[in-house]
There are 2 protein chains.
Amino acid sequence: MNRNIITRLSLYRSTVYRLKDMGINKVFSDNLGEAIGVTSAQVRKDFSLFGITGNRRGGYVVAELLEGIDSVLGKDSVQNVIITGCGKIGMALMDYPHFDREGIKVVAGFDIDPGKISTKGKIPVLPLSDMKGVIEENKVSTGILAVPEVAAQQLADLMIAAGINGILNFAPLNLRVPENIIVNSVNLVIELENINYFINHPVD
Amino acid sequence: MNRNIITRLSLYRSTVYRLKDMGINKVFSDNLGEAIGVTSAQVRKDFSLFGITGNRRGGYVVAELLEGIDSVLGKDSVQNVIITGCGKIGMALMDYPHFDREGIKVVAGFDIDPGKISTKGKIPVLPLSDMKGVIEENKVSTGILAVPEVAAQQLADLMIAAGINGILNFAPLNLRVPENIIVNSVNLVIELENINYFINHPVD
């Protein structure tokens with residue numbers, strides 16, 4: 001399955017939830033296409049790929065649509081995650097208000113620095129040696145990596161050895177991982193360079 | 001120009017800088033391809049698109065290559081940015097250690113909350129009313145938006161009215177902006193949903 005399709009499903013989902021909050025019970029592929037910037041044909045094609053069908057005019061019942069998307073994205077159960085690296089970015093993510101609402105639960109943070117270890121906060125910060133146990137106990141398969149570049153590969157290896165199957169990587173480097181491990185990277189420098197380029201080359 | 005090509009240029013650049021730090025003066029398209037996960041032909045094609053040429057065997061002089069890439073990406077001058085929203089994520093980004101090294105300078109943060117306004121830190125946190133002046137004075141064209149979802153559209157509009165041409169958006173919604181404004185979004189929930197899907201569907 002293409003990464004972009006799954007990203008679009010997430011975007012449809014967030015739009016449909018907003019419509020539901022507004023008391024709207026039916027939605028058309030045109031509306032969803034407009035909201036996320038694709039054609040209505042694309043919307044119908046994406047849904048039909050996962051066996052989600054609407055009526056003949058491209059209309060969908062909001063409740064059924066959400067059930068279908070949630071099932072594809074695995075949102076019918078909570079996604080437990082850990083955070084490795086409890087510096088400023090890691091700590092900000094621990095408190096990220098949107099995770100809770102979206103069924104994402106940070107079960108623990110991990111840090112190499114003994115000074116950061118604490119079980120007093122809402123989410124405990126634990127030593128690396130506890131990682132394997134926490135992952136097993138909480139059935140965690142996703143880890144967020146928020147450590148400095150120099151430590152990133154080593155801590156990615158450690159997370160994988162402890163049972164992590166997917167990593168959201170904030171360190172600005174290309175992690176080397178086994179083929180079955182999923183890595184998505186958020187590289188803020190590259191995002192800003194990219195914006196800068198397109199500001200300076202508007203006609204491209 | 002395609003967004004992916006510019007992202008690859010950023011990745012080449014970071015690899016070549018690392019090689020330079022190691023004292024290496026020549027690099028081949030094969031090496032760069034391996035490092036970022038594309039073919040050597042792709043590397044040569046990307047470079048030639050910007051008039052960067054190597055020798056017949058796909059070799060490049062590191063210093064010349066960096067000069068060429070930096071010029072394309074506009075890295076020959078500092079990119080001044082502002083941050084709107086000085087909560088935990090915004091404050092973490094103010095201190096992000098990789099920005100400095102990469103020629104990205106956060107000149108100020110802005111917040112609606114008077115309790116957060118302070119000029120005591122290394123980077124000042126200012127009221128929204130100062131934004132236009134700071135943008136003009138520092139020739140800022142890029143703004144990072146790190147505010148809650150409910151405030152995001154309004155503050156994006158305000159940044160654009162104050163002179164911002166490109167936004168790195170951390171709020172989980174699709175911003176409505178004029179056609180000439182560049183928006184890149186970092187949506188952490190979608191990244192995690194995406195990882196979750198591919199962990200649960202490894203054969204796709």
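This section reports on the structure supplied with the text. (Residues numbered from 1 in each chain as written. Chains lettered and ligands numbered in written order. Predicted model: local features only at pLDDT ≥ 70, side-chain atom pairs only at ≥ 80, totals over all residues. Heavy atoms only, no water.)

Topic: the packing of helix α9 (residues 188-200) of chain A against helix α1 (residues 3-21) of chain B
Which entries qualify depends on this criterion: Helix axes use the C-alpha atoms of the stretch in contact, all axes being lines fitted to C-alpha atoms, and the angles between their N-to-C directions lie in the range 0 to 180 degrees. Every helix listed is a DSSP run of H or I at least four residues long, and every strand listed is a run of E at least two residues long, numbered separately from the N terminus. Roughly parallel refers to an angle under 35 degrees, roughly antiparallel to one over 145, roughly perpendicular to one between 65 and 115, and oblique to any angle outside these ranges. Throughout, a crossing is termed right-handed when the near helix is turned clockwise from the far one, and left-handed when it is turned anticlockwise from it by less than a right angle. Every residue pair with non-hydrogen atoms within 4.5 Å of one another is taken to be in contact. Just so you know the grouping, Ala, Val, Leu, Ile, Met, Phe, Trp, Tyr, Cys and Pro go in nonpolar, Asp, Glu, Lys and Arg go in charged, and all remaining residues, Gly too, go in polar.
The N-to-C vectors of α9 of chain A and α1 of chain B enclose an angle of 125 degrees; their axes lie 9 Å apart at closest approach. Judged on the interaxial angle alone, α1 of chain B and α9 of chain A are oblique. Seen along the crossing, α9 of chain A lies across α1 of chain B with a hand that is right-handed. Taking contact as the criterion, the partners of I190, E191, E193, N194, Y197 and F198 of chain A in α9 of chain A are, on α1 of chain B, R3, I6, T7, S10, L11 and R13 of chain B. Its residues placed into classes, the contact of α9 of chain A with α1 of chain B shows 5 nonpolar, 3 polar and 4 charged.

Here's the deal with the packing of aromatic side chains
Aromatic ring pairs are described here by two measures, namely the spacing of the ring centres and the angle between the planes. Note the threshold: Planes of paired rings set the category: under 30 degrees apart is stacked, over 60 is edge-to-face and the rest tilted, where pairs are Phe, Tyr or Trp rings (Trp by its six-membered ring) whose centres lie within 6.5 Å. Each residue's exposure class comes from its accessible area (1.4 Å probe, protein chains only) as a fraction of the maximum for that residue type: buried when under 20%, exposed when over 50%, partly exposed otherwise.
If you walk through the whole model with that rule in mind, you get 10 aromatic pairs over all chains. Ring geometry for F50 of chain A and Y197 of chain B: centres 6.5 Å apart, planes at 85 degrees, overall edge-to-face. With one member in each of two chains, F50 of chain A in the loop between α3 (40-49) and β2 (59-61) and Y197 of chain B in helix α9 (residues 188-200) form a pair that bridges those chains. An identical accessibility class is assigned to F50 of chain A and Y197 of chain B; each is buried. When the centroid spacing of 4.9 Å and the interplanar angle of 65 degrees are considered together, the rings of Y12 of chain B and F47 of chain B count as edge-to-face. In this pair, Y12 of chain B is assigned in helix α1 and F47 of chain B in helix α3 (residues 40-49), connecting sequence segments 35 residues apart. Classification of F47 of chain B as buried rests on a relative accessible area of 0%. Through a chain of ring-to-ring contacts, three or more aromatic side chains come together here, namely Y12, F47 and Y60 of chain A.

So, the pairing of strand β8 (residues 182-185) of chain B
All names here are of chain B. How we decide: Think of it this way: DSSP has to see at least two bridges between two strands before they count as a pair.
Because side chains alternate across β8, one face comprises the buried residues I182 and N184, and the other comprises V183 and S185, none of which is buried. In the sheet, strand β7 (residues 166-169) pairs with β8 via 4 bridges, with the strands oriented parallel. Across the sheet, I167 pairs through a bridge with V183, a residue of β8.

Brief notes about the sheet that holds strand β3 (residues 79-84) of chain A
Residue and element names in this part refer to chain A. The strand order across the open sheet formed by 6 strands is β5-β4-β3-β6-β7-β8, and the pairing between neighbours is parallel. One side of each edge strand has no neighbouring strand; the edge strands of this open sheet are β5 (125-127) and β8 (182-185). Taken over all neighbouring pairs, the strand axes of this sheet differ in orientation by 25 degrees on average, direction set aside. Where strand β4 (residues 104-111) lies against β5, 3 bridges are found, and the strand directions are parallel.

A look at the interface of chain A and chain B
Interface size is often expressed as the accessible area that is lost when the parts come together. Counted only if it meets this: Here a salt bridge means any side-chain nitrogen of Lys or Arg lying within 4 Å of a carboxyl oxygen belonging to Asp or Glu. Under this definition, polar contacts are N or O atom pairs within 3.5 Å; protein pairs additionally need one hydrogen-donor-capable and one acceptor-capable atom, and for neighbouring residues in sequence, both atoms have to be side-chain atoms.
Contacts between the two partners involve 59 residues from chain A, matched on the other side by 59 residues from chain B. Taking the shortest distance from any N to any O, the salt bridge between K88 of chain B and D95 of chain A comes out at 2.2 Å. Linking chain A to chain B there are 24 residue pairs in polar contact (both at pLDDT 80 or more). The greatest single-element share of the side of chain A that touches chain B, amounting to 12 residues, is contributed by α9 of chain A. Partitioning the side of chain A that touches chain B into residue classes produces 30 nonpolar, 15 polar and 14 charged.

Topic: the pattern of salt bridges
Inspection of the entire model under this criterion finds 22 salt bridges over all chains. Connected through salt bridges with shared partners, the residues R13, R18, D70, K75, R101 and E102 of chain A together with E149 and E193 of chain B form a single ionic network.

Digging into the relation of the copies chain A and chain B
Let me state the cut-off plainly: Least-squares superposition aligns the copies on the C-alpha atoms of those residues with pLDDT at or above 70 in both.
Under the fitted operation, chain A is carried onto chain B by 0.0 Å of movement along the axis and a turn of 180 degrees, and the coordinates agree to an RMSD of 0.0 Å. The transformation just described matches what one would write down for a two-fold rotation axis. Looking at the interface residues of chain A, 100% of them are also at the interface in chain B, so both copies use one shared face.

Structural notes on the nonpolar core
Quick note on the threshold: Joining through side-chain atoms within 4.5 Å is the link that ties buried Ala, Val, Leu, Ile, Met, Phe, Trp, Tyr and Cys residues into a set, and such a set is a nonpolar core.
The biggest cluster of nonpolar side chains holds 94 residues, and the ones touching the most others in it are F47 of chain A together with F47 of chain B. Look past the residues within four positions of F47 of chain B in its chain and what remains in contact with it is L9, Y12, L32, I52, Y60, L65 and I69 of chain B.

Examining the packing of helix α2 (residues 29-36) of chain A against α3 of chain A
Residues and elements named next belong to chain A. With their axes 7 Å apart at the nearest point, α2 and α3 run at an angle of 105 degrees to one another. Classified by the angle their axes make, α2 and α3 are roughly perpendicular. Within the contact between the two elements, α2 uses S29, D30, L32 and G33 and α3 uses S40, V43, R44 and F47. Partitioned by chemical class, the residues of the contact of α2 with α3 number 3 nonpolar, 3 polar and 2 charged.

Comments concerning the sheet that holds β8 of chain B
Residue and element names in this part refer to chain B. Read from one edge of the open sheet, 6 strands run β5-β4-β3-β6-β7-β8, paired in parallel fashion. Strand pairing shows two members of the sheet lacking a second neighbour, β5 (125-127) and β8, which therefore form its edges. Here the average twist between neighbouring strands, direction ignored, is 25 degrees. Bridge count between strand β3 (residues 79-84) and strand β4 (residues 104-111): 6 bridges; the pairing is parallel. Residue pairing for β4: T84 is matched across the bridge by F110. Relative to strand β6 (residues 142-145), helix α8 (residues 149-161) is tilted by about 165 degrees, and along the sheet it contacts β3, β6 and β7.

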